[in-house]
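So you can see what is in the structure, the chains are spelled out below.
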Amino acid sequence: MLSPFSCPTLEGTRDTVALADPVFISDLHLSKTEPDTMAGFFRFLENEAAGHRELVILGDFFDYWIGDDASFTAESIVRALRTWSASHGLFIMQGNRDFMMGERFAREIGAVLLRDPAVVTVGDTRLLLSHGDLWCTKDDDYQAVRRRVRSVWWQWLVMRLPLKKRIAIAENARSRSRARKVEKDPSVTDTDPAAVLAAARAARADAVIHGHTHRPSAAQLGENVLRIVLPDWHFDGTSPIRGGYAAFEDGRPVLRTL
Ligand code: MN
């Protein structure tokens, strides 16, 4: 039987990964329908990211992921990530679009699959990392779906479907997720600051970095906790170009726009 989600344990104080000089990105939503965003990511690897030691991807890197057995559909990205990981560290976390990404894909690209949430250290700074959707605690329907699709039985069933069927399910889920975003009040779909702060305190974190909401910001959250929300990336079409990442400057994480 397939066990796609045995992730390395990074929660709490045990097995905390020490990073030297990381860059953090999330929500690129890479897909063949957005070639300019994909090209933007390749440029980012060669330019802004290249001088850093580790790349940390905090979910929704792909617009959807139908299983590690379909990684051939993302051949150019696999190649770029393998090239990167030959000389840099690579860490990847599942988002709510690419939650089917597992150990097999992580191995293929030379990455460590991070659990959500994960704690890492950079020098003296303790960082709590997450995709962020687990802190949308006010959206009960969403959390119910999240639990279902991350259960072993649901994923076991889906992985037995042919690729074409899995693509249809992913496309359908994507359009429903868009419709929900339009219907629901942003105060419901956004992360709950109290939940984020409680998680940061429990992890004794100095800073939290997450994505998911597509509302980039860098601000203090309560006392002594810095929160960075990463932007989504979008380089295609007529709507404004956007993208960005977080990196360390003078021992603190900062948000940078591309
Ligand atoms: Mn997301």
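Here the residue numbering is sequential within each chain, running from 1 through the sequence in written order. In keeping with the model being predicted, local features are shown solely for residues with a pLDDT of at least 70 and side-chain atom pairs are shown and tallied solely at 80 or more, while totals for entire chains, interfaces and linings include all residues. Side-chain descriptors were evaluated using all non-hydrogen atoms of the structure, hydrogens and water having been removed beforehand.

A.B. asks: How would you explain helix 4 (residues 140-149) if you had to name every residue and give the values?
C.D. replies: With a 1.4 Å probe rolled over the protein chains alone, any residue whose accessible area is under 20% of its type maximum counts as buried; one over 50% counts as exposed, and the rest are partly exposed. Helix and strand definitions follow DSSP, with helices as H or I runs of at least four residues and strands as E runs of at least two, each counted in order from the N terminus. Turning to helix 4, its buried residues number three or more, namely Tyr142, Gln143, Arg146 and Val149. The buried residues of helix 4 occupy an angular sector of 135 degrees when projected down its axis, which confines them to one face. Every exposed residue of helix 4 that faces more than 90 degrees away from the buried side is listed here: Asp140, Asp141 and Arg147. Residue contacts are defined here by distance: any two heavy atoms, one from each residue, within 4.5 Å place the two residues in contact. For helix 4, the secondary structure elements touched by its buried residues are helix 5 (152-159) and helix 6 (163-183). Read the arc as the range of directions from the helix axis to the C-beta atoms.

A.B. asks: An account of the pattern of salt bridges is requested, with residue identities and associated values reported.
C.D. replies: For this document, the term salt bridge refers to a Lys or Arg side-chain nitrogen within 4 Å of an Asp or Glu carboxyl oxygen. The full count for this structure, using the stated rule, is 12 salt bridges. Several salt bridges share partner residues, and in doing so they unite Asp63, Arg97, Glu171 and Arg174 into one network.

A.B. asks: Explain a nonpolar patch on the surface to me, using residue names and the numbers behind them.
C.D. replies: Among the surface-exposed residues, Trp153, Trp156 and Leu157 lie close enough to one another that they form a single nonpolar patch of about 330 Å² accessible area. Within the secondary structure, Trp156 sits in helix 5. By definition, no residue in a patch forms a salt bridge, and every one has over 30% relative accessible area; like charges are joined within 9 Å, nonpolar side chains (Val, Leu, Ile, Met, Phe, Trp, Tyr) within 5 Å. Only the protein chains shown count as covering a residue, and every accessible area follows the Shrake-Rupley method with a 1.4 Å probe.

A.B. asks: Explain the nonpolar core residue by residue, including any values.
C.D. replies: Residue types Ala, Val, Leu, Ile, Met, Phe, Trp, Tyr and Cys, when buried and joined through side-chain atoms within 4.5 Å, form a set referred to as a nonpolar core. Ranked by internal contacts, the top residues of the largest apolar core, which has 38 residues, are Phe41, Leu55 and Phe61. Elements supplying a minimum of two residues to this core: strand 2 (22-25), helix 1 (35-46), strand 3 (54-58), helix 2 (75-85), strand 4 (89-93), helix 3 (103-109), helix 5 and strand 11 (244-249). Counting residues per element, this core draws most heavily on helix 2, which supplies five residues. Sequence-distant contacts of Phe41, that is, excluding residues within four places in its chain, are made with Ile25, Leu28, Leu30, Leu55, Phe61, Leu81 and Trp233. Core analysis: the next-biggest nonpolar cluster, separate from the first, contains 20 residues, Leu58, Met93, Leu114 and Leu226 among them.

A.B. asks: Can you break down the pairing of strand 8 (residues 207-210) residue by residue, with the values?
C.D. replies: Alternating positions in strand 8 separate into two faces, Ala207 and Ile209 on one and Val208 and His210 on the other, with burial throughout. The pairing criterion for strands is at least two bridges between them, as found by DSSP. The pairing of strand 7 (residues 125-129) with strand 8 spans three bridges and is parallel. The residue of strand 8 that forms the bridge with Leu127 is Ala207. Direction of pairing for strand 8 relative to strand 10 (residues 226-229): parallel, over a ladder of four bridges. Bridged to His210 within strand 10 is Val229.

A.B. asks: Go over the packing of aromatic side chains, please, and point to the residues and values.
C.D. replies: Stacked, edge-to-face and tilted are the three classes for Phe, Tyr and Trp ring pairs, Trp counted by its six-membered ring, which pair at centre distances within 6.5 Å; planes under 30 degrees apart are stacked, over 60 edge-to-face, the rest tilted. Counted under the stated rule, the structure contains 11 aromatic pairs. Summarising the aromatic geometry, the rings of Phe61 and Phe62 are spaced 4.9 Å apart at their centres and angled 75 degrees between planes, so their arrangement reads as edge-to-face. Here Phe62 falls in the buried class, since its relative accessible area comes to 3%. Site record: aromatic cluster; members linked through ring pairs are Phe41, Phe42, Phe44, Phe61, Phe62, Trp65, Phe105, Trp233, Phe235 and Tyr245.

A.B. asks: For the side chain of His88, give the residues involved together with the corresponding values.
C.D. replies: Relative to the helices and strands, His88 resides in the loop between helix 2 and strand 4. Within the local environment of His88, its side chain forms a polar contact with the backbone oxygen of Ala50, the two atoms lying 3.1 Å apart. Reaching out from His88, the side chain makes a polar contact with the side chain of Ser87 at a distance of 3.1 Å. Apart from the residues lying within four places of it in its own chain, the contact partners of His88 are Ala50, His52 and Arg53. N or O atoms within 3.5 Å of each other form a polar contact, as long as, within protein, one can give a hydrogen and the other can take it, and as long as residues adjacent in sequence are counted only when both atoms are side-chain atoms.

A.B. asks: Mind laying out the sheet that holds strand 12 (residues 252-257), listing which residues take part and the relevant values?
C.D. replies: With mixed pairing, the six strands of this open sheet are ordered in space as 5-4-3-2-11-12. Among the strands making up the open sheet, the edge pair consists of strand 5 (112-114) and strand 12. Across the sheet, the mean angle separating the axes of adjacent strands is 25 degrees when strand polarity is ignored. Alignment of strand 2 against strand 11, held across two bridges, turns out to be antiparallel. Paired with Phe24 across the bridge in strand 11 is Ala246. For helices, the axis comes from a line fit to the C-alpha atoms of the stretch in contact; other axes are also lines fit to C-alpha atoms, and the angle between any two N-to-C directions lies between 0 and 180 degrees.

A.B. asks: I'd like a rundown of helix 8 (residues 193-202), residues and numbers included.
C.D. replies: Buried within helix 8 we find Ala195, Val196, Leu197 and Ala200. Where the residues of helix 8 are buried, they touch strand 7, strand 8 and strand 10. With its phi angle positive at about 50 degrees, Arg204 sits one or two positions after the end of helix 8.

A.B. asks: Kindly report on unusual backbone geometry, identifying the contributing residues and their values.
C.D. replies: Of the consecutive residues Asp116 and Pro117, the connecting peptide bond is found in the cis state with omega at 0 degrees. Its location among the elements puts Pro117 in the loop between strand 5 and strand 6 (118-122). Phi at His29 is positive, roughly 50 degrees, even though this residue is not glycine. Mapped onto the secondary structure, His29 falls in the loop between strand 2 and helix 1. Although it is not a glycine, Asp250 adopts a positive phi angle of roughly 50 degrees. Relative to the helices and strands, Asp250 is located in the loop between strand 11 and strand 12.

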